[in-house]
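The chain contents come next:
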Amino acid sequence: MFIVLLEFSDNKSQAGQFMEGHNAWIKRGFDDGVFLLVGSLQPHQGGGIVAHNTTLSDLQSRVNDDPFVANNVVSAEVLEITPSKVDERLNFLLG
């Protein structure tokens, strides 16, 4: 599983013009079964994503397709986590 951190860059003011594409990109992530959670980094620092069911290289390619990343509105960092123990509600992450 992965944590993706999308931290605003100096181009944060351009977010509005790419918001529609960014939201469509998020929807594709959910539709493809890759994104589990998307939310804002507080206070107003950017966004975070929990992803699974993908490889690191495929996820990095997906992240690079985000209009916010492609247009330097955010910088992206992908962290890979190998779960070793989870709450039973999250057992699907162990497989």
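Check the entry above for the structure.
Now for a description of the structure that goes with this document. (Residues numbered from 1 in each chain as written. Predicted model: local features only at pLDDT ≥ 70, side-chain atom pairs only at ≥ 80, totals over all residues. Heavy atoms only, no water.)

## Looking at the pairing of strand β2 (residues 35-41)
As a reminder, the rule being used: For two strands to be treated as a pair, DSSP must find no fewer than two bridges joining them. Numbering goes from the N terminus for both helices and strands, where a helix is a DSSP run of H or I of at least four residues and a strand is a run of E of at least two.
In this sheet, strand β3 (residues 46-51) lies alongside β2 in antiparallel orientation, the contact comprising six bridges. Following the sheet pairing, L41 is matched in β3 by G46.

## Describing the side chain of R62
Under the convention used in this document: By the criterion applied in these results, polar contacts are pairs of N or O atoms within 3.5 Å in which, for protein atoms, one can donate a hydrogen and the other can accept it, and in which residues neighboring in sequence qualify only through two side-chain atoms. Should any heavy atoms of two residues lie within 4.5 Å, those residues are considered in contact.
Note on placement: R62 falls in helix α2 (residues 56-64). For R62, the side chain forms a polar contact with the side chain of D32, separated by 3.1 Å. Residues within four places of R62 in sequence aside, it is in contact with W25, R28, G29, D32, V34 and F35.

## Focus on the pattern of salt bridges
In plain terms, the rule: When a carboxyl oxygen of Asp or Glu lies within 4 Å of a side-chain nitrogen of Lys or Arg, that pair is called a salt bridge. Residue burial is assigned from relative accessible area. The probe radius is 1.4 Å, only protein chains are included, and a residue is buried under 20% of its type maximum, exposed over 50%, and partly exposed in between.
Enumeration over the complete set of coordinates arrives at three salt bridges. Close ionic contact of D32 with R62 constitutes a salt bridge, the shortest N to O distance being 3.1 Å. Of this pair, D32 sits in the loop between α1 (15-31) and β2 while R62 sits in helix α2; the two residues are 30 residues apart in sequence, bridging distant segments of the chain. D32 gets classed as partly exposed once you look at its relative accessible area, which sits at 45%. A relative accessible area of 18% means that R62 is categorised as buried. Ionic pairing is found between R89 and D87, a salt bridge with its closest N-O pair at 2.8 Å. Assessed through its relative accessible area of 69%, R89 is described here as exposed. Accessibility expressed as a relative area gives 37% for D87, which makes it partly exposed.

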